[in-house]
Amino acid sequence: MEATQTLGKFKLVRHIATGGMAEIWLAEQVGPGGFAKELVIKRILPHLAQDQQFTNMFLDEARLVAQLTHPKIAQIYELGQLDGHYFIAMEFVEGIDVAGIIEQAQAKNRMLPIGIVVKMIIDTLEALDYAHDYTSRDGQPYHLVHRDVTPHNVLVSNDGIVKLVDFGVAKAKQNQSKTQTGAVKGKFAYMAPEQIQNRELDRRVDIFATGVMLYEMLTLAKPFGEDLAAVSNILSSPAPDPRTLRPDIPELLWQIIQKSLAKNPDDRFLDAHSMMLELQNYLRTTGEFVGDREVASFIRELQGLPTVRHTANIASSQSRVTPMELNTPVPPIDSKPMATIATPPPMQGFVATAQVGPIVSHNDGGTLAVELPQKSNTTLIVVFVVLLLALAVGGVAVFFLVIDESKAVDPKPAVITQPTKPDKPVKPIGKTPIPASFNHPDGRIVYLKTATPDITVEFQGTPVGTTPLDTRLRPGDYTVVLKKGAKQVSQSFKVVDKTVNSIDLKF
């Protein structure tokens, strides 16, 4: 097919990929007044166009995703039909999928930054949480399960925005097509045990797949292997400790991965929101902030693209904007033409001018130049002389003021005493303040949790919160009482001298 071929009102620009059910094209929609919009055309493969089951699955995806309006789910613009063949016009995401990110990291023999990985997984879970809880206009739940959460179906734009795509095998109550008996949908390496065994599925299979993807992004290796080996390992073997491949993975993060990969669905996170909160809490304990901008910087650097620097305030952009520190240096800006800010060297001496603001212009090289108005030598000399005179007059005035003040002697000088400041109050939980010894500002970060959440924790007879619980404790031995209903258990634990302590309490 020629790149200039059209499909109705769309011009097919470039073939992107061909999957098991459809082919993907980069396309352009052109309109009046110079309007042009890039998008993606997904159309069912010609040899499957007459297969009613494939056609129904294709239409199910279009009907379903068209209703999902979320910034982290790629949008569908139109469902069309031409010459008896269906196609979908959908959002074009200029960037790279997670599979490509992993491949490039492997090729460069480097690990992905943990914070960046966690942020991308949090965004994926946000999209899943929305999809899982989606209801129709009349309030009927869709009970949607993606069933194919894999690195190929999570896109990351060059602006750092994560997009979940490909609901082609999604299971929803409203789907008109039905899965054939014995048919397993998805990719083996990311399937939950119940998905492999073709049992009743719910949203927790997507939690399992997200856990596999998190493990793979951190270690660049799949926890259960590939294909049939993965099937056997998923059903019978626990995921190996990722710290054998990457020792800097924190214990708390490994615990989150383990919970997402539990064989029994009841032992996993109940939903995507719960896992997302755990990962957000992990990032908070590290003190690291990772936003879309940081993800964009990393994604661009990984692909060898220039790092975008926003310059809303030209005068202060040099001091405000700093590039993200990465494992390898950012490639030179001239690796790809783009507009940059050229700031002149600092001016020496004092400068006084009545002109307002810099003069901004474009030069022949496409660089945005900031030109400061020229100053004459006469102006500089005049300003310098005026400032010297002002300093001399001020010095004389201060001298006479000091002499005058020295004549008045107070026989009984006043003694000023500063009031004693009380100790820094401890942040209360509910209406009961936490004992200072259980929440010390200089203590280590401690994360207390139980297998069953919402267990009340008491210290020295005072409730200090419910699990999971964050606090700060100095290194040492502690004993707490866990309560829920009529049951209570005494538990002892030790806080060691490290930044973060994650402690499992038994109840």
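Structural notes, computed from the coordinates. Here the structure is a predicted model, which means the values were calculated and not measured.

A few words now on the pairing of strand S18 (residues 487-495). Sheet topology places strand S17 (residues 476-484) next to S18; nine bridges connect them, and they run antiparallel. Looking at S18, one finds that Val481 is bridged to Ser490. Hairpin geometry of S17 and S18 is characterised by an intervening segment of two residues between the two adjacent antiparallel strands and by a positive phi of about 65 degrees at Gly485.

Moving on: the layout of surface pockets. Volume-wise, the second largest pocket comes out at about 840 Å³. Secondary-structure elements contributing two or more residues to the lining of the second largest pocket are helix H7 (251-260), helix H8 (272-286), strand S13 (444-450) and strand S19 (500-505). Of the residues that constitute the lining of the second largest pocket, the class distribution is 11 nonpolar, seven polar and nine charged.

Inspection of every chain in the model, using the stated rule, returns 24 salt bridges. The salt bridge involving Lys119 is made with Asp123; its shortest N-O contact spans 2.7 Å. Residue Lys119 and its partner Asp123 are located together in helix H3 (residues 114-132), separated by four residues, close to a single helical turn. Of the two residues examined, Lys119 and Asp123, each falls in the buried class. Of the charged contacts, one joins Lys449 and Asp504 as a salt bridge, the two residues approaching to 4.0 Å between their closest N and O atoms. Residue Lys449 is found in strand S13, and its partner Asp504 is found in strand S19; the two are separated by 55 residues along the sequence. Lys449 sits in the buried class, given a relative accessible area of 17%. Assessed through its relative accessible area of 42%, Asp504 is described here as partly exposed. The network of salt bridges with common partners includes Lys119, Asp123 and Asp292.

The next thing to look at is empty space enclosed by the protein. Following the criterion strictly, the structure yields two cavities of 30 Å³ or more and no others. Here the largest cavity is characterised by a volume of approximately 50 Å³. Forming the walls of the largest cavity are 12 residues, and the residues nearest its centre are Arg147, Asp148, Val149, Tyr190 and Ala209. Residue contributions to the lining of the largest cavity peak at three residues, all from helix H5 (residues 204-219).

Let us now look at the sheet that holds strand S16 (residues 469-473). Read across the open sheet, the three strands follow the order S16-S13-S19; overall the sheet is mixed. Two strands bound the open sheet, and with one partner strand each, they are S16 and S19. Taken pair by pair, the neighbouring strands of this sheet meet at an average axis angle of 30 degrees, ignoring direction. As defined by bridge partners, S13 adjoins S19 across six bridges and the pair is classed as parallel. The residue of S19 that forms the bridge with Leu448 is Ile503.

Scoring rules and cut-offs
Residues numbered from 1 in each chain as written. Predicted model: local features only at pLDDT ≥ 70, side-chain atom pairs only at ≥ 80, totals over all residues. Heavy atoms only, no water. Pairing = 2+ DSSP bridges. Helix = DSSP H or I, 4+ residues; strand = E, 2+ residues; numbered from the N terminus. 1 Å grid on protein atoms, 1.4 Å probe; cavity = no way out; pocket = protein on both sides within 12 Å on 5 of 7 lines; lining within 4 Å. Points joined across faces, edges and corners; volume = space filled by probe spheres on them. Nonpolar A, V, L, I, M, F, W, Y, C, P; charged D, E, K, R; others polar. Salt bridge = Lys/Arg side-chain N within 4 Å of Asp/Glu carboxyl O. Buried < 20%, exposed > 50% of the residue type's maximum accessible area, 1.4 Å probe, protein only. Axes fitted to C-alpha atoms, helices over the stretch in contact; angles between N-to-C directions.

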